[in-house]
Every structure is written in C-alpha cells, then in structure tokens.
Amino acid sequence: MDNTNERQNIVRIYTQHNQFSRLRAYYLLALSIIALSIIIGQFLVQRHLREQESDAHIVNMAGRQRMLSQKISKLILLINRLNTKERDSLLKELASVNTEWIENNTSLRYGNEAAAIPISKSKAINRLFLENQPVFDSIYFASNRIYSQLKNGDKSSYPFLENDMRTVLKHEPIFLRHMDSIVYTYEKLASGKIVKLKRTEYILFGISLLIIILEVLLIFIPTTRKVNETLIKLIKSESDAQQMSKEIGALYASLEESYERISGITLPVAPPRLIAKSDKGGNLYYVSDYYLRSFSHEEQRYKTIANLFGLAGEAADDFNDQLIDVVSNLKNWHKELVYSDKSGEKRHMDIHIIPIYNQEGEVDVLQVFAADMTPRRLAEQDMYKKDRAEIERKVNEQKFRSILVLEGQEEERKRIAMNIHDGIGQMLTSLKFQTASIDLSKTKETEQKLLDINKLIKDIIQEVRIVTFNLKPPVLSDYGLVAGLKNLVQEIDKLSNNRLIFENITDFQQRLSPKVENNIYRIVQEAVNNAIKYANSPTVLVSLEHNTDELILTIKDTGVGFESKSTDLFHADYGHGFLNMQERATYINGKLLIESKPGLGTIIKLFVPLKNKPGNIAI
C-alpha cells in the first residue's frame, strides 16, 4: 500500500512538473515570437527609411538632371551671342555643368555608393534610362564639341557649330519628357514600398495580437485552472488533517493498551494461599483462618466452593456443575474474581482450583488456592488514570496542532486568493481593456499599446511565477534541496529590499526523500519570511553543512530579536510560525533550536538525521 501511494505521488509530481514545464515553454515561445516580430518590424521600418532616403536622393538627382539639361541649352545660346571675354566665363560653367550632368547620369543608371544611390533593380526604370540614353548622348556630345571648338578660340568655326546647337535644342524637350517619366516611375515605386510596408506591419500586428490571445488561452487560463486545483487540494488537505487526527487518536488508544500490559508485567504478585478444601462434589470440609478473618460474615455458612465466592441458590448449583465438568476432564479451574470482604471493599482474588487424584486416577479432593491481586489492580488502575491523563493531554495538544495546521492552510488560501485577485486579476482586467481599446487605424498609438500590453503580459507572468513558486517550487522536485534553497534565497533577494545570502559550506549534494526535502524547504522559507517581515533584518544568511550523521541548516538574521526560552515556540509577533516549524522538524525526526536576544538578532538551527535510525522515518 505504501509503495502504491509513493508511486502515485511520484506520478503526480512528475505530471505537475510536466504541466509547469509546458507552460514555461509556451511562455518563452510566445515571448520569443513577440520579440522576433518586433525585431522584424523594426528591421523593415529601418530598411524602408533607408530606401526612402535613397529614393529622395534619386528623385532629387533626377530633377537636377532636368535643370542641368535646361542650363546647357541656355549656356549654348548665350555663348553664341556674347563677346570673347564673357564667353570664356560661360565656357568654364558649361564644362562644369557637362561634368556634373554625366556623373549624375552614371550614378542614376549604375548606382553610386558615395552618394547613397543603389543600383536600380526595376525593369521599368532601366528601360526608361535605356530609351533616354541616345537623347542624353546626343546632347552631351554636341555640347562637348561646342565647348572644345570654342575653347581653342577658333572664330571661323561658328558656322559649323549651328548643327550641334540645333541638336541640343532639338533633344532637350525629349530629354525632359523622359526624365519626367523616370521621376514619376520612382515616385510610383516608392508609394508601392510604403503600401507593402503598411501591409507587413498589419501582418506583424495580427501575429502579435494572435500570440497574446494564445497566451491567454494556453498560459493564463491553464495557470488559473492550476491555482484553482491547488486551492481544492488545500481544502482536501484539511480533511486529511482531520483524518490524521483520528488516526493519532487510535494510536494513543493502542499505546494505552501497551501501558496496561507493561504495568501488569512490572508490578509484584502476592503469593497464593490455600483457603479451602472440598470433596470431588465441591462440598467444603475445610476453610482457612485467613479466609475466615478476611471474608467471613456472622450469618454466613460455607457449604460449597460456590459459597466462598458469594454465590447461592441456583447460581451456586450452576457454578458447581461447571467446576465438576472441568476437573473431570483432568484440568485445573482458574479465574480472577471480584467480591467484597468483611469491610465491604472490593477484593480482586486470583482463584485456582486444583484436583487431587487417588490411586485409581479419580478425583478425590479439590484444593482451592487464592492470591490477593487487589494492590496490583489498584496500582494498575492508578497507572491507567495517569496514562489516560497523559494521552488526553497529548490528544489535546495534537488537536491544537491540527487547528494550527488548518489555520495555516486557511491563511495560505487567503494569501493565494488575494494574490490572484489583487495581482493577476487586476492585471488581466487591464489587459482586457488595453486589448479592447486597440484601433488599427492609428498605427503609432497601436504600436505603443502593443508595447504596453507586452510589458503587462511580462508582469502577469512574473506574478504567476511568484504564486506558483510559493505553492510548489519546481526546482525543489527537479534538482533537489540545495538547488531549491538556493533558488528560494535568490528569488526573495530579487523581490525584497533585504540582502539574502546562501552558503553550502560542505558542498552537500545528497538527495533526500520528497517529504523531508519539502519540510526542510518550508521551515527555511518560514524562517526567512519571519526574518524579513518581523525582525526587520537587513541581511539574512542561510547556510547548510553536513557530516556523516546529520544535516545542519542555519538561518541567521541581524534584526530586532526577542526574549525567548528554549521551550517557548509561540511568540506574539511571529504567531504560530515557530510552532509550525517545530511540527515540521518533529515530523522528519529533526531537531529545531531557536536562539534570540533583543537587539542581537535570531539564530535558527535545524538538525536533520541523514541515517535511518530505529523509530525514524526513512530518508
């Protein structure tokens, strides 16, 4: 039966561990996806901003190409009309404009890293540039020929420049139309990128919203269900505690019987005396003086053995018949009888009737022996009363402890309910309102609300972790006592303003039974919480060491301390905490010592045996 219960406990712990592990995995996966969606969204936005910046450069440069082509035409017309001195200045400007014009055209067609202009991958843009290239080349080469001939000062060449001038003026409008088409195409592509980015952002927003809904369905609702199940288990533990009280009562009853047996063995027994003799029919012919002095009455006459025991009439006849049947079967008659002596007091007499046989093997004489058991029985009754009083005291003490356990469970349920109502409940309500207030048409406001929702989800997960951590720390069942205590100290250190330190002095790594590890963990948890809550200790040290026989845990604080005695386990400030700790220590055959003085802090030491001694539970 014990093995079956143990296997069931192991299966239950393993199942709970898998459930909490699955919830943690879902939570980490959801956070990872949300983080990934935020990173992807930022990457896309940044890339789009860079592309918009480059598109702005391209549009600006394309517009400048239009201006430069018009300037080339203007300069050529002016050069033809001005004198030599003014013409030289315009020639230099024409050369500069030609140079910038060809560089811009090359950058637009083939890209320019220095100017942050990428190579165009649009077939429409490349096609427009390809169509525009002959027009560009005609203007550029005609302008260069005009510049080269006029630079040399060859005045006779003016008539020959008219063809090049007509070429420039003829192709300039065509070039402007082509550049207008190119700029329009660039603007269209940029608008398409913006639409694509908006679509991508809506998709990422939908994914984030879906993840939040899945977190509510797969994490928060199962967690709430697990908390409810835990509350149900706490209520069930109340009935288990009552059942335990009944079992302890039965145990004390068995101890009572043991005390009675022990008292019967240890008290002295009075020696038996011959008090009467009779024939084989039970008719008396001898009664001892001892018996007559103790039990004889003036009006009483002893005729049969039955009369010795205060029997008369039909009852005496029945007794004699039974006696004759017993001795006829070659057996002795034995029984302890209670009847009154001369003074009327009850006397406990141990009676033996032994038959004496003649030579033919027949019953000849019946001898009656009696031993006075009264002192022994009175002593047993006195011991029974004392044992009964001790048992009642222990039962009352156990009832008091059971009440403390039930009160502790009730306080734990209230604390969990308050944590759920004030913490998780309000956060979930806020999450509901935040989600309901999302307006997809307001992109910036929606992004901010998503960030707020993500932070709120993290806070809810943290609150759930605190509640589940206090209920059943998974580290304790997974990795053992040392890891569980270390994690406990680290978590409380993070959540409180106090400094908590954990030391494993002798590098203890042994695994103990789940019940022992759980009770040690709860004792340390209670001691640390008392040090933080009541002792106002800025520093709490939890140290662990062991030898071959026992494990020693020390919880030391530097708080206000209190007046205490070695047997005083109840304190006004600490409530029933010390008594609960003592009960847990006793349950695992441990020993709890508490030392404290006002202003000097408190030291709590727990000694737990590592070897299974007689009477101890298995560890």
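Refer to the structure printed above.
Here the structure is a predicted model, which means the values were calculated and not measured.

Undergrad: How do you make sense of the overall build of the protein when you look at a structure like this?
TA: From N to C terminus, the protein includes 13 helices and 10 strands. The buried share among the 619 residues of the protein stands at 38%. Taking as baseline every contact in the protein between residues at least 6 positions apart, the subset at least 24 positions apart corresponds to 67%. With an accessible surface of roughly 36300 Å², the protein has 55% of that area assigned to carbon and sulfur atoms.

Undergrad: Can you walk me through the sheet that holds strand β3 (residues 333-340) in this structure?
TA: Taken together, the five strands give an open sheet; going across it, the order is β2-β1-β5-β4-β3, and neighbouring strands pair in antiparallel fashion. The sheet is open, and its two borders are formed by β2 (284-287) and β3, each paired with just one other strand. Taking each pair of neighbouring strands and ignoring which way they run, the sheet shows an average axis angle of 25°. Strands in contact with helix α7 (residues 313-328) are β3, β4 (346-357) and β5 (363-372); relative to β4, the strand with the most contacts, it is inclined by about 45°.

Undergrad: Would you explain the sheet that holds strand β6 (residues 499-504) in this entry?
TA: Backbone-to-backbone hydrogen bonds join strands into a sheet, with any given pair of strands oriented parallel or antiparallel. Across the sheet, which stays open at both edges, the five strands sit in the order β6-β7-β8-β10-β9 with mixed pairing between neighbours. Strand pairing shows two members of the sheet lacking a second neighbour, β6 and β9 (591-597), which therefore form its edges. Going across the sheet, the axis of each strand differs from the next one's by a mean of 10°, ignoring polarity. Here seven bridges tie strand β7 (residues 539-546) to strand β8 (residues 550-557), and the two strands are oriented antiparallel to one another. By the bridge assignment for β8, Ser543 is matched with Thr554.

Undergrad: Would you explain the side chain of Ser596 in this entry?
TA: You can see Ser596 is positioned in strand β9. Polar side-chain contacts of Ser596 include one of 2.9 Å to the backbone nitrogen of Phe562.

Undergrad: Is there a simple way to think about a nonpolar patch on the surface in this case?
TA: A cluster of nonpolar side chains, Leu210, Ile213, Leu214, Leu217, Leu218 and Ile221, forms an exposed patch at the surface whose accessible area comes to about 500 Å². By secondary structure assignment, the location of Leu210 is in helix α4 (residues 158-266).

Undergrad: I tried to follow unusual backbone geometry on my own but got confused; where do I start?
TA: Glycine aside, the phi torsion of most residues is negative, and most peptide linkages are trans. Phi at Asp507 is positive, roughly 55°, even though this residue is not glycine. Within the element layout of this structure, Asp507 appears in the loop between β6 and α12 (514-533). Look at Asn589: it is not a glycine, yet its phi comes out positive at around 60°. Note on placement: Asn589 falls in the loop between α13 (577-587) and β9.

Undergrad: How do you make sense of the nonpolar core when you look at a structure like this?
TA: Nonpolar side chains tend toward joint burial in soluble globular proteins. Among the nonpolar cores identified, the biggest contains 36 residues, and Ile520, Val524 and Leu551 are the most heavily contacted of them. Elements that contribute at least two residues to this core include exactly α11 (481-495), β6, α12, β7, β8, α13, β9 and β10 (601-609). Of all the elements, α12 adds the most residues to this core, at eight residues. Residues Ile76, Val135, Met179 and Tyr186 belong to the second largest nonpolar core, which totals 35 residues.

Undergrad: Please explain the pairing of β8 as it appears in this structure.
TA: The two faces of the sheet receive side chains in turn, since in a regular strand these alternate between them. Within β8, six of the eight residues are buried, leaving the element largely enclosed by the surrounding structure. Between β7 and β8, which pair antiparallel and follow one another directly, the connecting turn spans three residues. Pairing geometry for β8 and β10, over eight bridges, is antiparallel. For Thr554, the partnering residue across the bridge sits in β10 and is Lys605.

Undergrad: Which parts of the structure should I look at to understand the pattern of salt bridges?
TA: When the charged atoms of two side chains with opposite charge come close together, those side chains can pair. According to the stated counting rule, one finds six salt bridges in the structure shown. Residues Glu93 and Lys71 are paired through a salt bridge, measuring 3.0 Å at the closest nitrogen-oxygen approach. With a gap of 22 residues between them, Glu93 in helix α2 (residues 84-110) and Lys71 in helix α1 (residues 2-81) connect regions that are remote in the sequence. Residue classification places Lys71 among the partly exposed residues on the basis of a relative accessible area of 30%. The salt bridge partner of Arg511 is Glu517, with a shortest N-O separation of 3.0 Å. By relative accessible area, which is 2% here, Glu517 ends up buried.

Undergrad: In this structure, what is going on with a negative patch on the surface? I would like to understand it.
TA: On the surface, a cluster of negative charge is made up of Glu314, Asp317, Asp318, Asp321 and Asp325. Here Asp318 is to be found in helix α7. With relative accessibility at 39%, the residue Asp318 sits in the partly exposed group.

Undergrad: So what exactly am I meant to see when it comes to the packing of α11 against α12 here?
TA: The relative placement of two packed helices is expressed as an angle between their axes plus a distance between the axes. The geometry of α11 relative to α12 is characterised by a closest axis approach of 10 Å and an angle of 20° between their N-to-C directions. If you check the angle between α11 and α12, you find them roughly parallel. In this structure, α11 crosses over α12, and the sense of that crossing is right-handed. On the side of α11, the interface is formed by Leu481, Gly484, Leu485, Leu488 and Ile492, while α12 contributes Glu517, Ile520, Tyr521, Val524, Gln525, Val528, Asn529 and Ile532. Classifying every residue of the contact of α11 with α12 gives nine nonpolar, three polar and one charged.

Undergrad: Even after reading the chapter, I still don't get the environment of Leu311, so can you show me in this structure?
TA: Inspection of the secondary structure assignment puts Leu311 in the loop between α6 (305-308) and α7. Judged by its relative accessible area of 29%, Leu311 falls in the partly exposed class. Apart from the residues within four sequence positions on either side, Leu311 is in contact with Ala306, Ala316 and Phe319.

Rules used throughout
Residues numbered from 1 in each chain as written. Predicted model: local features only at pLDDT ≥ 70, side-chain atom pairs only at ≥ 80, totals over all residues. Heavy atoms only, no water. Helix = DSSP H or I, 4+ residues; strand = E, 2+ residues; numbered from the N terminus. Buried < 20%, exposed > 50% of the residue type's maximum accessible area, 1.4 Å probe, protein only. Contact = heavy atoms within 4.5 Å. Areas by Shrake-Rupley, 256 points an atom, 1.4 Å probe, with all protein chains shown as cover. Pairing = 2+ DSSP bridges. Axes fitted to C-alpha atoms, helices over the stretch in contact; angles between N-to-C directions. Polar contact = N/O pair within 3.5 Å; in protein donor to acceptor, adjacent residues only side chain to side chain. Patch = residues over 30% accessible without salt bridge, like charges linked within 9 Å, V, L, I, M, F, W, Y side chains within 5 Å. Salt bridge = Lys/Arg side-chain N within 4 Å of Asp/Glu carboxyl O. Core = buried A, V, L, I, M, F, W, Y, C linked by side-chain atoms within 4.5 Å. Lys, Arg positive; Asp, Glu negative; His and termini not counted. Charge placed at Lys NZ, Arg CZ, Asp CG, Glu CD. Parallel < 35°, antiparallel > 145°, perpendicular 65-115°, else oblique. Left-handed = near helix turned anticlockwise from the far one by under 90°. Nonpolar A, V, L, I, M, F, W, Y, C, P; charged D, E, K, R; others polar.

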